[in-house]
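# Structural characterization, general
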Amino acid sequence: MPSVHSLRLARRSDIREIAVMSRCLIEVGLRGWSWHPMRVARALHGRDSCVVVADVGAQLAGFAIAEFGDSTAHLSLLAVQPAHQRRGIGIALVEWLEASALTAGIGRIDVEMRANNFAARCFYEALGFSHSGEVRGYYQNIETAVRMQRRIGRLAALEK
Ligand SMILES: CC(C)(COP(=O)(O)OP(=O)(O)OC[C@H]1O[C@@H](n2cnc3c(N)ncnc32)[C@H](O)[C@@H]1OP(=O)(O)O)[C@@H](O)C(=O)NCCC(=O)NCCS
């Protein structure tokens, strides 16, 4: 069932929760803490990055972080709290970032994920992303990264 959520740009008060979600839902099993609060703060304040969150009531249910280049956007992080998964929040977060990328004239979104992350691969396939490569040992020499991408806007229309 779709959830009643609302999307907004992240605030400073969200930084710690986003970082903890990254550690627990994305970086689990890896050494250290890559997206620690200071790194999330840099993304929040960066000119070329965007941090969007989904609220369900008073709870932060999900977030996404993207970095924007001249022609591509990189989806750096995306997570939805387990209790709120499979209710369309992940799609809504990606669509929000995609709309921003289109406005910026960007034609492609790139993302990479841990090769054993079956849910994420299914999720991005459901959104029309296609496999674009693999990088062995990308995650601390422990795990392969799978790269996926999706053309958006005029470039996507040209492919049809
Ligand atoms: C991947 C993730 C962000 C998806 O978020 P979500 O809000 O549950 O996704 P949605 O509800 O928008 O799902 C959209 C579609 O993606 C596919 N999908 C999502 N999760 C899936 C899963 N676990 N297994 C299979 N397909 C899945 C389905 O087609 C789904 O549509 P449906 O529910 O109508 O069948 C979420 O599972 C998550 O936070 N995982 C942990 C962190 C992570 O792996 N992040 C991505 C790598 S950075």
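Above: the structure in question.
Read on for a plain summary of the structure.

Within the secondary structure layout, A126 lies in helix α4 (residues 118-126). For the pair A126 and G62, spaced 64 residues apart in the sequence, the C-alpha separation amounts to 18 Å.

A ring pair, where both rings are aromatic, is described by two values, the distance of the centres and the angle of the planes. Following the criterion strictly, the structure yields 3 aromatic pairs and no others. Taking the centre distance of 5.2 Å and the plane angle of 70° together, the rings of Y124 and F129 count as edge-to-face. The same class applies to Y124 and to F129, which are both buried. Between the aromatic rings of Y138 and Y139, the centroid separation amounts to 4.9 Å while the plane-to-plane angle is 80°, which identifies the pairing as edge-to-face. Taking relative accessible area as the criterion, Y138 reaches 38% and is therefore assigned partly exposed. By relative accessible area, Y139 is classed as buried at 15%. An aromatic cluster is present here, built from F123, Y124 and F129 joined pairwise through their rings. The ring centre of W35 lies 3.9 Å from the NZ or CZ of R39, which sits over that ring.

This part takes up the layout of surface pockets. Empty space among the atoms becomes visible once a probe the size of a water molecule is rolled across them. Its boundaries defined by the atoms lining it, the largest pocket holds a volume of some 1,200 Å³. Around the largest pocket, the lining comprises 39 residues; the ones closest to its centre are I26, L78, N117, A120 and Y124. Secondary-structure elements contributing two or more residues to the lining of the largest pocket are α1 (15-26), β4 (72-80), α3 (89-103), β5 (108-114), α4 and β6 (130-139). Broken down by element, the residue count for the lining of the largest pocket peaks at 7 residues, all from β4. When its residues are assigned to classes, the lining of the largest pocket shows 22 nonpolar, 9 polar and 8 charged.

With respect to topology, 7 strands assemble into an open sheet ordered β1-β2-β3-β4-β5-β7-β6, the strand pairing being mixed. Only two strands of the sheet have a single partner each, and these edge strands are β1 (6-9) and β6. Mean inter-strand twist for the sheet, computed between neighbouring axes without regard to direction, equals 25°. The pairing of strand β2 (residues 49-56) with strand β3 (residues 59-68) spans 8 bridges and is antiparallel. Paired with V52 across the bridge in β3 is A64.

With that settled, consider the side chain of R8. Note on placement: R8 falls in strand β1. A distance of 2.7 Å separates polar atoms of two side chains, one belonging to R8 and the other to D55. For R8, the contacting residues outside a window of four places in its chain are D14, V51, V52, V53 and D55.

Reading the values: rules and limits
Residues numbered from 1 in each chain as written. Predicted model: local features only at pLDDT ≥ 70, side-chain atom pairs only at ≥ 80, totals over all residues. Heavy atoms only, no water. Helix = DSSP H or I, 4+ residues; strand = E, 2+ residues; numbered from the N terminus. Phe/Tyr/Trp six-rings, centres within 6.5 Å; stacked < 30°, edge-to-face > 60°. Buried < 20%, exposed > 50% of the residue type's maximum accessible area, 1.4 Å probe, protein only. Lys NZ or Arg CZ within 6 Å of the ring centre and 35° of its normal. 1 Å grid on protein atoms, 1.4 Å probe; cavity = no way out; pocket = protein on both sides within 12 Å on 5 of 7 lines; lining within 4 Å. Points joined across faces, edges and corners; volume = space filled by probe spheres on them. Nonpolar A, V, L, I, M, F, W, Y, C, P; charged D, E, K, R; others polar. Pairing = 2+ DSSP bridges. Axes fitted to C-alpha atoms, helices over the stretch in contact; angles between N-to-C directions. Polar contact = N/O pair within 3.5 Å; in protein donor to acceptor, adjacent residues only side chain to side chain. Contact = heavy atoms within 4.5 Å.

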